[in-house]
Amino acid sequence: MAKLYFRYGAMGSSKTANAIMVQYNYQERGQNALMLKPRLDSRDEEHTVGSRSGLNAPCRYMEELDDIDLTACDCVIVDEAQFLTKAQVQRLVSIVDELNVPVICYGLRADFQGNLFEGSHWLMAWADSIEEIKTVCWCGRKAIMNARVANGRVVKTGEQIVLGGNESYVALCRRHWALGELAPMEIRRISAGKAAYMPLLLEADPSRAMIERYLDAGELYVLMANGQTVAVAVMSEREDGSCELKNLAVAPDMRGQGYGAKLLRHLFKVMAARYDRMYVGTSEGNVAFYERFGFVKDGVIADFFTEHYEEPIVEDGRVLRDMIVLARQL
Ligand SMILES: [Zn+2]
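Counting its regular elements, the protein chain contains nine helices and 20 strands. By the compact-globule yardstick of 20 Å for 330 residues, the protein chain is too spread out, its C-alpha radius of gyration being 29 Å. Structurally, the protein chain occupies a C-alpha span of about 90 × 40 × 35 Å along its principal axes. By residue count, 32% of the 330 residues in the protein chain fall in the buried class. At a minimum sequence separation of 6, the contacts of the protein chain that also span at least 24 residues come to 69%.

Structure below.
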């Protein structure tokens, strides 16, 4: 009894290379394996399947199936099977059940948003055999998601299929797909060229003069993700031998993704080697954030913001006056 196989895997799991190898194995035994793929674009006249590793093989289009004589066919192989329609999967089922010819489909399980493709949906539903072709994320975990990447960033909105676009796809584990992290995050201490980070530092402290006062002697830490500077922090030493977080800023378009928290936890670890206590002076609106990390209120410096800054600082529609000082044991 012939079977319908669905072999799915994320981008870069060598599905096409596998398909070509299977066809080759049939040919070596003197048998005939028909290579098919759905035609996505009417302009596509290539009639080839090609793998990332450089293997290529001629193919016919699924849409041409009616013109192909299947009597001498020992096996049907379908590449890019995620793009099949329900009717095309039904057609493959009939080849298996009525002609007793095995059909082996290779394709992605889910699209860049994590939704099943139409072809994958019906293959998952009807295949006799469902097998996973595994590949790994940069972190070493199994990659099951296909991230769409445009301009170096993971994008989560758009059409399921983009023809002729300049997007590329990267296989990621579910966690890194959700976070949009294409490469390991990196936290570095910066000693030279600190001024380059001024625009981001100004996000957390609107006074350039104030920043210049602590940046030179302070320790600047930078969190990089996907080759982009995402968050910065400046630590300085206090006269009482403890340390103080003078600035913690996250790039406006990267907020709410836990980067500030990651940088802060890194600082706790690094600073604990040299200090017992970390202080931070902040506005009322940020107290809850720091309390989540174990900071407790230590004092208030009345009129700090009105006295030390030339321009009034408005936060949530109110002019900032007092600085709240928080402290945390390291
Ligand atoms: Zn990962």
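The assigned domain composition of the protein chain is domain 1 (4-134) and domain 2 (186-329). Distance between the C-alpha centres of domain 1 and domain 2: 54 Å.

Right, let's get into the sheet that holds strand β7 (residues 103-107). In spatial order, the strands read β5-β2-β6-β7-β1-β8; together these six strands make up an open sheet with parallel pairing. At either end of the open sheet lies a strand with only one pairing partner, and these are β5 (60-61) and β8 (129-132). Where strand β1 (residues 4-8) lies against β8, four bridges are found, and the strand directions are parallel. Among the inter-strand pairings, Y8 is bridged to a residue of β8, identified as E132.

Attention shifts here to unusual backbone geometry. Notably, H47 is not glycine yet its phi reads approximately 55°, a positive angle. With respect to the secondary-structure elements, H47 resides in the loop between β2 (33-37) and β3 (48-50). What makes H47 partly exposed here is the crowd of 14 C-beta atoms within 10 Å. Unlike most non-glycine residues, N100 shows phi in positive territory, near 60°. Mapping N100 onto the fold places it in the loop between α2 (86-99) and β7.

This part covers the sheet that holds strand β9 (residues 145-150). Strand order in this open sheet of three strands is β10-β9-β11, and the pairing throughout is antiparallel. Both outer strands of the open sheet, β10 (153-155) and β11 (168-172), are each paired with one neighbouring strand and no more. Each strand of the sheet is rotated relative to its neighbour by a mean of 50°, with strand direction disregarded. Pairing between β9 and β11: five bridges, direction antiparallel. For R148, the partnering residue across the bridge sits in β11 and is Y169.

Let us look at helix α1 (residues 15-28). Here α1 is 14 residues long and its end C-alpha atoms lie 20 Å apart, about the 20 Å a rise of 1.5 Å per residue gives. Buried within α1 are the following residues: K15, T16, A19, I20 and Q23. All buried residues of α1 fall inside an arc of 140° around its axis, so they share one side. In α1, those exposed residues whose orientation departs by more than 90 degrees from the buried face are Y24, N25 and E28. Just downstream of α1 lies G30, where phi reads positive at about 75°.

Along β7, five of the five residues are buried, which leaves the element largely enclosed by surrounding structure. The two faces of β7 match: V103, C105 and G107 on one face and I104 and Y106 on the other face are all buried. Across five bridges, β1 lies against β7 in parallel orientation. Residue pairing in the sheet places L4 in a bridge with V103 of β7. As defined by bridge partners, strand β6 (residues 75-78) adjoins β7 across three bridges and the pair is classed as parallel.

Of note, F117 is situated in the loop between β7 and α3 (118-126). The buried category is assigned to F117, around which 22 C-beta atoms lie within 10 Å. As a C-alpha pair, F117 and I161 span 44 residues in sequence and 9.7 Å in three-dimensional space. Among all residues touching F117, those that are not within four sequence positions of it are Q82, F83, L108 and D111.

Before going further, it helps to spend a moment on the pairing of strand β15 (residues 243-250). Counting buried positions along β15 gives eight out of eight residues, so the element sits mostly inside the fold. What sits between strand β14 (residues 228-237) and β15 in their antiparallel hairpin is a turn of five residues, with G241 showing a positive phi close to 85°. Pairing of β15 with strand β16 (residues 277-282), which is carried by three bridges, proceeds in the parallel orientation. Its bridge partner lying in β16, L245 is registered against V280.

With that out of the way, let us pick up the nonpolar core. Core analysis: the biggest nonpolar cluster contains 45 residues, and M35, I77, V78, V103, C105 and L172 have the highest contact counts within it. Residues in contact with L172, not counting those within four places in the same chain, are C137, A143, M145, A147 and W177. Ranked by size, the runner-up nonpolar core spans 31 residues in total, among them L215, V232, V234 and L264.

Definitions and cut-offs
Residues numbered from 1 in each chain as written. Predicted model: local features only at pLDDT ≥ 70, side-chain atom pairs only at ≥ 80, totals over all residues. Helix = DSSP H or I, 4+ residues; strand = E, 2+ residues; numbered from the N terminus. Rg over C-alpha atoms; globule rule 2.2 N^0.38 Å. Buried ≥ 20, exposed ≤ 12 C-beta atoms within 10 Å, placed from the backbone. Contact = placed C-beta atoms within 7 Å. Domains from an automatic or database assignment. Pairing = 2+ DSSP bridges. Axes fitted to C-alpha atoms, helices over the stretch in contact; angles between N-to-C directions. Expected span 1.5 Å × (residues − 1). Arc of directions from axis to C-beta. Core = buried A, V, L, I, M, F, W, Y, C linked by C-beta atoms within 7 Å.

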